[in-house]
Amino acid sequence: MTENLIQNTVAFVQEQLKGAEAGHDWFHIERVWKLSKKIAVNENCNLDVVELAALLHDIADPKFHAGDETLALKIAGKFLESQNGSPEMIAQVLFIIKNISFKNRDEVPAVLPIELKIVQDADRIDAIGAIGIARTFNFGGFKNNLMYHPEIAPKLNMTKEEYKKSEGTTINHFYEKLLLLKDLMHTETAKALAQERHDFMLKFLSEFEKEWNVS
Ligand code: ADP
Ligand code: NI
């Protein structure tokens, strides 16, 4: 029964994300799903909720849907109801989709369920390291942002509204978000993975600077 539900969800998400930007496509979801399972092995949690939330967490990202923050909840809720999910399970999954985003981090409840912590850690791990670098430059290209500008400084402590419309450079995104993620990990498994990926990004930034300055 559960196995069936997971397989149906995989097929549904693959269909929904056809044509998505390469940093937020099915393969991002697949990596977050795998990372979530890897983290979940070391935690006491409801694995169905973890897997379903990982699969459905970017089903309708507001960035790509005119800022609409309710669409993903509607689509995921309708899908899970069509699969005869229990109301408790559906509520747990929707809670994670609603609260997972980096830009909403100041608005979430103080006490988070372990299932949310796991999927959030997995999503954040996929935002850093080599994959994180690739996704970030892909998104910057998609938005036609500059890679780097020596006179545009990173903006730390942006409000949610400023963050959403930030037209800064892709290199600045490392200082505005990616390098902050290591210290926001909840689980020990993710903390260890994050450290390695963080160090790799630092190395990349230092090489980038060296090559930019032709030094
Ligand atoms: P979340 O999905 O947690 O809300 P974001 O949507 O801000 O996080 O970012 C998801 C990924 O999209 C980032 O990790 C990054 O790769 C890319 N991204 C988002 N905003 C930018 C930006 N301004 N410049 C470059 N990449 C970005
Ligand atoms: Ni994601």
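Report follows, based on the coordinates.

About the cut-offs
Residues numbered from 1 in each chain as written. Chains lettered and ligands numbered in written order. Predicted model: local features only at pLDDT ≥ 70, side-chain atom pairs only at ≥ 80, totals over all residues. Heavy atoms only, no water. Helix = DSSP H or I, 4+ residues; strand = E, 2+ residues; numbered from the N terminus. Expected span 1.5 Å × (residues − 1). Buried < 20%, exposed > 50% of the residue type's maximum accessible area, 1.4 Å probe, protein only. Donors = N, O, S within 2.8 Å, 3.2 Å for Na, K, Ca; no water. Tetrahedral: all angles 85-135°; square planar, octahedral: opposite > 155°, others 65-115°. Polar contact = N/O pair within 3.5 Å; in protein donor to acceptor, adjacent residues only side chain to side chain. Contact = heavy atoms within 4.5 Å. Core = buried A, V, L, I, M, F, W, Y, C linked by side-chain atoms within 4.5 Å. Phe/Tyr/Trp six-rings, centres within 6.5 Å; stacked < 30°, edge-to-face > 60°. Near = heavy atom within 4 Å. Nonpolar A, V, L, I, M, F, W, Y, C, P; charged D, E, K, R; others polar.

### So, helix 5 (residues 87-99)
Part 1 of the argument: In this model helix 5 runs 18 Å from its N-terminal to its C-terminal C-alpha over 13 residues, within 8% of the 18 Å that 1.5 Å per residue would give.
Part 2 of the argument: Within helix 5, the full set of buried residues consists of M89, I90, V93, L94, I96, I97 and N99.

### Some thoughts on the coordination of the nickel ion (ligand 2)
Part 1 of the argument: Only H28 (NE2), H57 (NE2), D58 (OD) and D123 (OD) from the protein reach the nickel ion (ligand 2) as donors, at distances of 2.2 to 2.3 Å.
Part 2 of the argument: Coordination at the nickel ion (ligand 2) is irregular, judged from the 4 donor atoms that bind it and the angles of 83 to 171° they form at the metal.
Part 3 of the argument: Classification of D58 by relative accessible area gives buried; the value is 11%.

### What about the side chain of Q120?
Part 1 of the argument: Inspection of the secondary structure puts Q120 in helix 6 (residues 114-125).
Part 2 of the argument: Among the polar contacts listed, one links the side chain of Q120 to the backbone oxygen of I100, at a separation of 3.0 Å.
Part 3 of the argument: Residue contacts for Q120: discarding those within four places in its chain leaves N99, I100, L112 and H186.

### Some thoughts on the nonpolar core
Part 1 of the argument: Among the nonpolar cores identified, the biggest contains 58 residues, and V13, L55, L56, V93, I97 and V119 are the most heavily contacted of them.
Part 2 of the argument: Of all elements in the fold, only helix 1 (2-16), helix 2 (26-40), helix 3 (47-56), helix 4 (71-82), helix 5, helix 6, helix 9 (170-176) and helix 10 (188-212) reach the threshold of two or more residues within this core.
Part 3 of the argument: Here L55 is in contact with I6, T9, V10, V13, W26, I29 and W33, once residues within four sequence places are set aside.

### Remarks on the packing of aromatic side chains
Part 1 of the argument: Within the structure shown, the criterion is met by 12 aromatic pairs.
Part 2 of the argument: Taking 4.2 Å as the distance between ring centres and 10° as the angle between the ring planes, the aromatic pair formed by F12 and F79 counts as stacked. Here F79 lies in helix 4 and F12 lies in helix 1, a separation of 67 residues in the sequence. Judged on exposure class, the residue F12 and its partner F79 are both buried.
Part 3 of the argument: Pairing F64 with F142 gives two aromatic rings, centres 5.8 Å apart and planes at 80°, and the pair type is edge-to-face.

### Some details on the site of ligand 1
Part 1 of the argument: Near ligand 1 there are 13 residues, and of these K63, S101, T136, Y163 and K177 occur at the shortest range.
Part 2 of the argument: Measuring from an oxygen atom of ligand 1, one finds a side-chain N or O atom of S101 at 2.4 Å.
Part 3 of the argument: Ranked by the residues each element gives to the shell around ligand 1, the list is headed by helix 7 (residues 129-142), at 3 residues.
Part 4 of the argument: The residue inventory of the shell around ligand 1, partitioned by class, reads 5 nonpolar, 4 polar and 4 charged.

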